[in-house]
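Structure at a glance
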Amino acid sequence: MSALRAAAPGKVNLCLFVGPVRPDGRHELVSLIEAVSLADDLELAPAPPGADADQVVCGGVEGPNLAAAALAGFRAMTGWDPPPQRLTVTKRVPVAGGMGGGSADAAAALRLAAAAAGREGDPRLSRLAAELGSDVPAALKPGLALVTGAGQHVRRLAPLPAHGIVVVALEHRLPTAAVFAQADRLDLPRDTRDLAARRRAVEAALEDGGELPAELWRNDLERAARGLCPPIEDALEAVRGFGVDPVMVSGSGPTVVAIQLGADGPARARAAAKELRPRFPGARAVVPVGADHGAPRAVEPAT
């Protein structure tokens with residue numbers, strides 16, 4: 001089998017509303033998720049001779065790897081049984097930064113395994129993605145999606161009007177579970193009725209041309225993330241100082257994102273990121289991407 005490579009785009013949450021805890025321990029969510037050009041790279045190739053199991057190589061990430069779980073889950077689900085494979089992950093998306101890098105890697109691993117096995121259209125991939133984590137189903141097909149339930153219900157959407165995005169990645173890491181636990185301690189989750197109202201408001205805005213009103217550019221986890229990582233405040237203040245709006249924490253943080261609306265949004269995002277970089281080296285401009293950005297492609301195996 002020749003090597004296959006795929007990008008694993010990170011994501012930003014254009015809005016994130018958190019509801020009550022479900023019986024399975026996860027929270028109900030309503031979120032508008034957009035894949036962006038900041039992406040990890042994954043390569044799937046036969047493991048070196050003598051390997052007796054699949055290998056996952058991912059520099060900078062310690063402990064269990066969600067991409068490894070995705071590859072193992074795909075084998076178990078489909079019965080795909082080639083010789084041991086090596087999955088190499090080149091990280092660019094901030095680790096534990098609220099941009100869904102681990103989930104994107106898992107989704108890309110599923111796309112690669114499905115392509116290698118000739119099972120790209122297997123409907124079971126979505127179910128497996130949901131078992132791996134709340135952000136994985138949306139990442140399975142990069143683009144724009146309205147996500148509900150605990151992340152398993154994904155409504156694919158047409159791209160929003162032109163805009164650019166400033167991403168300010170901080171050196172700190174915030175485990176998602178810790179941020180949700182802090183949100184619970186602060187009593188931040190909405191009740192079922194309130195969450196349903198937020199969902200209707202987002203859907204109505206999307207049907208009205210994709211322009212979200214100011215009250216919907218919101219992340220319910222932001223207060224919890226700020227409490228656990230005070231440097232977020234400095235980043236938020238610095239980005240707002242450029243007159244950029246809206247500005248918010250992405251996902252569970254600590255990455256800060258600013259949306260530059262309009263056809264000149266990408267150019268303005270690049271200018272803002274350049275000005276911010278001396279103080280925040282992790283500042284960069286990104287743009288939305290679609291499914292073609294994550295499509296597997298054949299490559300010569302790495303030597």
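For the structure, see preceding data.
A quick note: this is a predicted structure, and the numbers were derived from the prediction, not measured. (Residues numbered from 1 in each chain as written. Predicted model: local features only at pLDDT ≥ 70, side-chain atom pairs only at ≥ 80, totals over all residues. Heavy atoms only, no water.)

Details of the overall build of the protein
Selection criterion: Counting from the N terminus, the helices are the DSSP runs of H or I reaching at least four residues and the strands are the DSSP runs of E reaching at least two. Restricting the calculation to C-alpha atoms gives the radius of gyration, and the globule rule supplies 2.2 Å times the number of residues raised to the power 0.38. Between buried and exposed lies partly exposed: a residue is buried under 20% and exposed over 50% of the maximum accessible area for its type, with that area taken using a 1.4 Å probe on protein chains only. Whether two residues touch is decided by their heavy atoms; if any such pair falls within 4.5 Å, the residues are in contact. With residues, only the protein chains shown are counted as cover, and all accessible areas are computed by Shrake-Rupley using a 1.4 Å probe. Positive residues here are Lys and Arg, negative ones are Asp and Glu, while His and the chain termini are left out of the count. By convention, the charge on Lys lies at NZ, on Arg at CZ, on Asp at CG and on Glu at CD.
When helices and strands are counted, the protein shows 9 helices and 11 strands. The C-alpha radius of gyration computed for the protein amounts to 19 Å, which stays within 12% of the reference 19 Å derived for 303 residues, consistent with globular compactness. Dimensions along the principal axes, computed over C-alpha positions, put the protein at roughly 55 × 45 × 35 Å. In the protein, which comprises 303 residues, the share counted as buried stands at 51%. Residue pairs at least 24 apart in sequence account for 75% of intrachain contacts in the protein once pairs closer than 6 positions are excluded. By element, 51% of the accessible surface of the protein is carried by carbon and sulfur atoms, the whole surface being about 13500 Å². Side chains of the protein carry 33 positive and 35 negative charges; the gap between the two charge centres is 1 Å.

Topic: the layout of surface pockets
What counts, and what does not: Put plainly, a pocket is an open set of points on a 1 Å grid over the protein atoms alone with protein on both sides within 12 Å along at least five of seven lines, a cavity is a set where a 1.4 Å probe fits but cannot get out, and a lining residue has an atom within 4 Å of a point. Grid points are joined across faces, edges and corners, and a volume is the space filled by probe spheres set on the points. Basically, the charged four are Asp, Glu, Lys and Arg, the nonpolar ten are Ala, Val, Leu, Ile, Met, Phe, Trp, Tyr, Cys and Pro, and anything else, Gly included, counts as polar.
Looking at the largest pocket, its volume works out to about 950 Å³. Around the largest pocket sit 43 residues that line it, and Gly100, Gly102, Ser103, Asp135 and Thr176 are the ones nearest its centre. Among the secondary structure elements, those contributing two or more residues to the lining of the largest pocket are strand S1 (3-21), strand S2 (27-46), helix H1 (66-78), helix H2 (101-117) and helix H5 (176-185). When grouped by side-chain class, the residues that make up the lining of the largest pocket number 20 nonpolar, 16 polar and 7 charged.

Re the sheet that holds strand S8 (residues 247-249)
Rules: Pairing between two strands requires that DSSP report at least two bridges joining them. To get an axis, a line is fitted to the C-alpha atoms, and for a helix only the part in contact is used. The angle between two axes follows their N-to-C directions and goes from 0 to 180 degrees.
Within the open sheet, the 4 strands sit side by side as S8-S9-S7-S10. Their pairing is antiparallel. Edge positions in the sheet fall to S8 and strand S10 (283-286), since each has one partner strand and no second. Averaged over neighbouring strand pairs, the angle between their axes works out to 25 degrees when direction is ignored. As defined by bridge partners, strand S7 (residues 163-168) adjoins strand S9 (residues 256-261) across 6 bridges and the pair is classed as antiparallel. Bridge pairing links valine 166 to alanine 258 in S9. Contacting S7, S8 and S9, helix H8 (residues 231-240) runs over the sheet at an angle of about 160 degrees to S8. Strands S7, S9 and S10 of the sheet are contacted by helix H9 (residues 265-276), whose axis makes an angle of about 20 degrees with S7.

Things to note about the packing of H1 against helix H3 (residues 124-132)
Quick reminder of the rule: Comment on the angle field: the value is read as roughly parallel under 35 degrees, roughly antiparallel over 145, roughly perpendicular from 65 to 115, and oblique elsewhere. Handedness of a helix crossing follows the sense of rotation of the near helix relative to the far helix, less than a right angle counterclockwise being left-handed and clockwise being right-handed.
Running from amino to carboxyl end, H1 crosses H3 at an angle of 140 degrees, the nearest separation of the two axes being 10 Å. What the angle tells us is that H1 and H3 run oblique. Remark: the crossing between H1 and H3 carries right-handed chirality. Contacts between H1 and H3 involve Leu66, Ala69, Ala70, Gly73, Phe74, Met77 and Thr78 on the former and, on the latter, Arg124, Leu125, Leu128 and Leu132. Taken together, the residues of the contact of H1 with H3 sort by class into 8 nonpolar, 2 polar and 1 charged.

A few points about empty space enclosed by the protein
Taking a probe equal in size to a water molecule and rolling it over the atoms shows the remaining empty space. Evaluated as defined, the whole model comprises 1 cavity of 30 Å³ or more. Here the largest cavity is characterised by a volume of approximately 130 Å³. Looking at the largest cavity, it is lined by 17 residues, and the ones nearest its centre are Lys11, Ile33, Ala35, Ala138 and Ala139. If you list the elements that add at least two residues to the lining of the largest cavity, you get S1, S2, helix H4 (136-139) and strand S5 (144-149). Partitioned by chemical class, the residues of the lining of the largest cavity number 9 nonpolar, 3 polar and 5 charged.

Some remarks on H5
Within an α-helix, residues lying three or four positions from one another point in the same direction, as the helix has 3.6 residues per turn. Convention followed: This arc describes the spread of directions from the helix axis toward the C-beta atoms.
Those residues of H5 lying buried are Val179, Phe180, Gln182 and Ala183. Taken down its axis, H5 places every buried residue within 160 degrees of arc, on the same side. Within H5, the exposed residues directed more than 90 degrees away from the buried face are Ala177 and Arg185. Its buried side turned inward, H5 meets S1, S2 and helix H7 (222-228). A positive phi of about 60 degrees marks aspartate 187, the residue just after H5.

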